Amino acid sequence: MNLLLKNARVLDPANRMDQVADILVEQGRIAAIGQQLAAGEQTKVLDLTGKTVMPGLVDLAARLREPGYEYRGTLESELNAAMAGGVTSLVLPPDTDPVLDEPGLVEMLKHRTRQFDHVSLFPLGAMTVGLKGEVITEMGELSEAGCIAFSQADRPVVDTNVLLRAMQYARSFGFSLWLRAMDPWLSTGVAASGAYAGRLGLPSTPEQAETVALQTLLELQRSVGVHLHICRLSTAAGVELVRAAKARGLPVTCDVSINNLHLTDLDIGYFDTRMRFDPPLRSQRDRLALRQGLLDGTIDAICSDHTPVDDDGKNLPFSEAEPGATGLELLLSMTVKWAQDDGIDLLTALSCVTANPAGVLHTSGLQGPKLGSLEIGAWADLAVVDLDAYWQISRDTLLSQSWHTPFEGMEVPARVCATIVRGKVVWERAG
Amino acid sequence: MTNTLSPPSIPPAQALYQKLLQAVRDMIANLPEQQVHLVGIHSGGAWLAEQLQKDLALKAAMGTLNISFYRDDFDRIGLHSQTAPSEINFEVQDAHIILVDDVLYTGRTIRAAMNELFDYGRPASIRLVVLVDRAERQLPIQPDYAAWTLQEPPSGNLLLQRDEHGQFSLQIEQEAL
Amino acid sequence: MYNPQLNRHGELTHLLTTEGLPRDILTHILDTASTFVPLAARDVKKVPLLRGKSVFNLFFENSTRTRTTFEIAATRLSADVFNLNINASSTSKGETLLDTIANLMAMQADIFVVRHEASGAPFLIAKHVAPDVHVINAGDGRHAHPTQALLDMYTIRHFKKSFSDLTVAIVGDVLHSRVARSNIHALTTLGVAEVRAIGPLTLLPSGLDQMGVKTFTRMEDGLRDADVIIMLRLQNERMRGALLPSSHEYFKHYGLTEKKLAFAKPDVLVMHPGPMNRGVEIESAVADGPHSVILNQVTFGIAVRMAVMSIVAGASA
């Protein structure tokens, strides 16, 4: 598929490029970026004056809810949502039903998604059978079936011995482990410990739930040398620990969700279940530290943590409601909003959703040309965006099957106009 | 907004009170003294009853009624009980009640007062005395004595006032223009 | 600022928590309650104020005492009272909270009195009822028990006349106590001089100082010169949760005895929301002694609940 994109503002955080240029795509790959490029034969020409072209977003956590939870979301609806958000690569946590702990299930998933032929999916395999934290899965087989790394989703591992053995086993193959830092005994609350949860009388989770688990993970990792990706960091103290670990040269990477990046426990208001998350929303101090961590490279990436929940899951008292919110369509806008709010250079901010998360995937073992960047020879996975267009987040504007988002009603910047995967325009906004 | 002009065609309240006093004196002359109880309706009726109690030197205790729990317009205006609660500290059973109010208008207040009294017990009789009768009844209720009866409706709400010396006056509360 | 308890005219239409209720509304409830107190002395204790209205007691958590006082209060207002024992009914068959409410609204309920184990449940219900239906929180999880706080305030006002110079100490399991939270908010709104919380660290939540409360782990220090002591019930489950070693040890350090009472002011009031665990949080000599107003709390509780029901039922739709 050949494409010539003309006169767009080209943003490539990986190469710190920000200029108006043409991009030539041949056979689905980026052939050239420059001025006044000529179209070859059978080349579709698109005039993108006034628009921005950037690498398609790489989302390190998005639940598509298939198999097993189709009443909350289907591959079709959620992949549509991904493309509407300019996301061209996404990582699937293994907590589907059944759990992704067998190669056959991964094959089935890939088969299901092949018919959509759009977004690149990187499933995480379960680290233990059934995610129960007892028996290690056949990581080799799962990797061959297509799993990019191994994870426990949101289920903590109680037995530290199992954790250690899993790290050693993964290390033998050069696999990565993507883990939440959550202590099983301290993580039983529904909101973050603090003055606000105290007022609301909600069972709460102290920051030690994250830091104690993080210390354990880092200490075990130190003796093994496996690459650990810490998922959904949420505390200032946690950022400190990761910063220190990176300074010591440990192979650690981590991400933060758009929810913890923008919201705090005060946003729970009158028990608003749209604010029910795991990890919980924490204090302003924590939010500040997370933003600082993104800026200084301690935190590598921002992810959407897309978790569709249906009405039945949210129309309940706070502690009984299901945690999670829709996010794929919001990843770009909420990243640009953060950049605008804090006066951060756009390329730096966007690297958190393109080059950096791609880097985490490559560190986890992804071969081939660099994802999340506009390298010559890389697949042309691109997002065409109107950075100055504001849109209102609402039931009517969201494509996901779940419209439960804490950002409902907000006017946010950056509207995706079209999404291109391997040089093919796979999604275009109507009108 | 209270307009402090006195209503034009009504005699002064003190004069009306004197007439009321005489009427009540006559009324209770043939009733057994120990069982006659004045009951005033808050707040104007209660003031009148207090003054009557003193001037008649009655032995038996008087009472006051709040009636806010017995009104028929709760659904429309809710509960606004800022005045003191009802106080009936005597046995209503077999009592001869002289119910006292300042202005008789639609009759609904009296209906509520009687309902409340009956929740205390079964009186032997109830007689109603008022200072002014506006004669715009919505219920079949009539006073046994009214010191003055209006021939035509006043221009606003008729209110009884009592100053620091205990002197009564009548005023019209008009809506601000 | 949006307050889910007030309608657009600023009238109280639901009572969900004492937090965020303006002082004049709290005072209005106490004043109204005082007009209901004399009713208890009458032969006919009823007034026809809520005649024709239906009050549904929805108790998802068992409580005979609180439910009974609400029942008495509603009956004295001449309302029709319906008690729903939720454990035995459809919710255990999987019906959601909101479905239960929708079904009851279809039966023309006017007032829901709700007790639920999940903090915030009454807020969810209040969001989903019609404008002329009112929700009264009879206790939600650890969050709030506003009628208890109001009757506690009424009791304090009755004996102490004014709130301004008072030092009030709340003793016990503040962490799990909705009574404590509601009392703290009411006391600070009504302007008491000092609110104190006394208990071991395992039973004191974080953020108390942000609520305007001074914390003490030594009871003698916390009780010094206190005007009012509110004792909280200690629940047995706390022993199992690694929060306390034993009730014996708890009584020794945090139980209210005559000896400890001596640290407070000579005319101190001793209060307890009930039911009491004698010998665990309070000794009998104190519970039955001259400082105790525990039984007065119960009497005032009926008048306060009558006041709350009358006020919300009278709010315009």
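If you're wondering where the values come from, they're calculated on a predicted model, not measured in any experiment.

Chemist: An account of the packing of helix α3 (residues 97-105) of chain C against helix α4 (residues 121-128) of chain C is needed here, citing residue identities and associated values.
Modeler: Residues and elements named next belong to chain C. At a minimum axis separation of 10 Å, α3 and α4 run at an interaxial angle of 45°. One element, α3, and the other, α4, form an angle in the oblique class. Judged by the sense of rotation from one axis to the other, the crossing of α3 with α4 is right-handed. Of α4, the residues touching α3 (which contributes Leu97, Leu98, Ile101 and Met105) are Ala121, Leu124, Ile125 and His128. For the contact of α3 with α4, the class distribution of residues is seven nonpolar, one polar and no charged.

Chemist: Pulling in residues and values, what's your account of the packing of helix α2 (residues 64-76) of chain C against helix α12 (residues 294-313) of chain C?
Modeler: Residue and element names in this part refer to chain C. Close contact between α2 and α12 brings their axes to 8 Å; oriented N to C, the two are set at 60°. Looking at the two axes, α2 sits oblique to α12. In this structure, the crossing between α2 and α12 has a hand that is right-handed. Contact residues: α2 offers Thr66, Thr69, Phe70, Ile72, Ala73, Ala74 and Arg76, while α12 offers Ile302, Arg305, Met306 and Met309.

Chemist: Could you give an account of the interface of chain B and chain C, with specific residues and numbers?
Modeler: Counting residues at the interface gives 15 residues for chain B and 17 residues for chain C. When chain B packs against chain C, the two sides together hide about 1,400 Å² of surface, and 62% of this comes from carbon and sulfur. Broken down residue by residue, the surface that chain B buries against chain C is led by Phe69, Phe74 and Leu79 of chain B, which jointly contribute 44%. Between chain B and chain C we count two salt bridges in total. A salt bridge links Lys53 of chain C to Asp75 of chain B; its shortest N-O distance comes to 2.6 Å. The interface formed by chain B and chain C holds four residue pairs in polar contact (both at pLDDT 80 or more) in total. Put simply, the parts of the chain that give the side of chain B that touches chain C at least two residues each are α3 (74-77) and α4 (108-120) of chain B. The residue makeup of the side of chain B that touches chain C, split by class, is seven nonpolar, five polar and three charged.

Chemist: Could you give an account of the interface of chain C and chain A, with specific residues and numbers?
Modeler: Each side of the interface is counted separately: chain C has 23 residues, and chain A has 17 residues. Roughly 1,600 Å² is buried in total at the junction of chain C and chain A, and carbon and sulfur atoms are behind 60% of that figure. Joining chain C to chain A, the criterion identifies one salt bridge. Our enumeration of links across chain C and chain A arrives at four residue pairs in polar contact (both at pLDDT 80 or more). Here the element with the most residues in the side of chain C that touches chain A is α4 of chain C; it accounts for four residues. Tallied by class, the residues present in the side of chain C that touches chain A amount to 10 nonpolar, 10 polar and three charged.

Cut-off values and rules
Residues numbered from 1 in each chain as written. Chains lettered and ligands numbered in written order. Predicted model: local features only at pLDDT ≥ 70, side-chain atom pairs only at ≥ 80, totals over all residues. Heavy atoms only, no water. Axes fitted to C-alpha atoms, helices over the stretch in contact; angles between N-to-C directions. Helix = DSSP H or I, 4+ residues; strand = E, 2+ residues; numbered from the N terminus. Parallel < 35°, antiparallel > 145°, perpendicular 65-115°, else oblique. Left-handed = near helix turned anticlockwise from the far one by under 90°. Contact = heavy atoms within 4.5 Å. Nonpolar A, V, L, I, M, F, W, Y, C, P; charged D, E, K, R; others polar. Buried area = accessible area lost by both parts, 1.4 Å probe. Salt bridge = Lys/Arg side-chain N within 4 Å of Asp/Glu carboxyl O. Polar contact = N/O pair within 3.5 Å; in protein donor to acceptor, adjacent residues only side chain to side chain.

Note that every value here comes from positions in space, so none of it alone points to a role or purpose.
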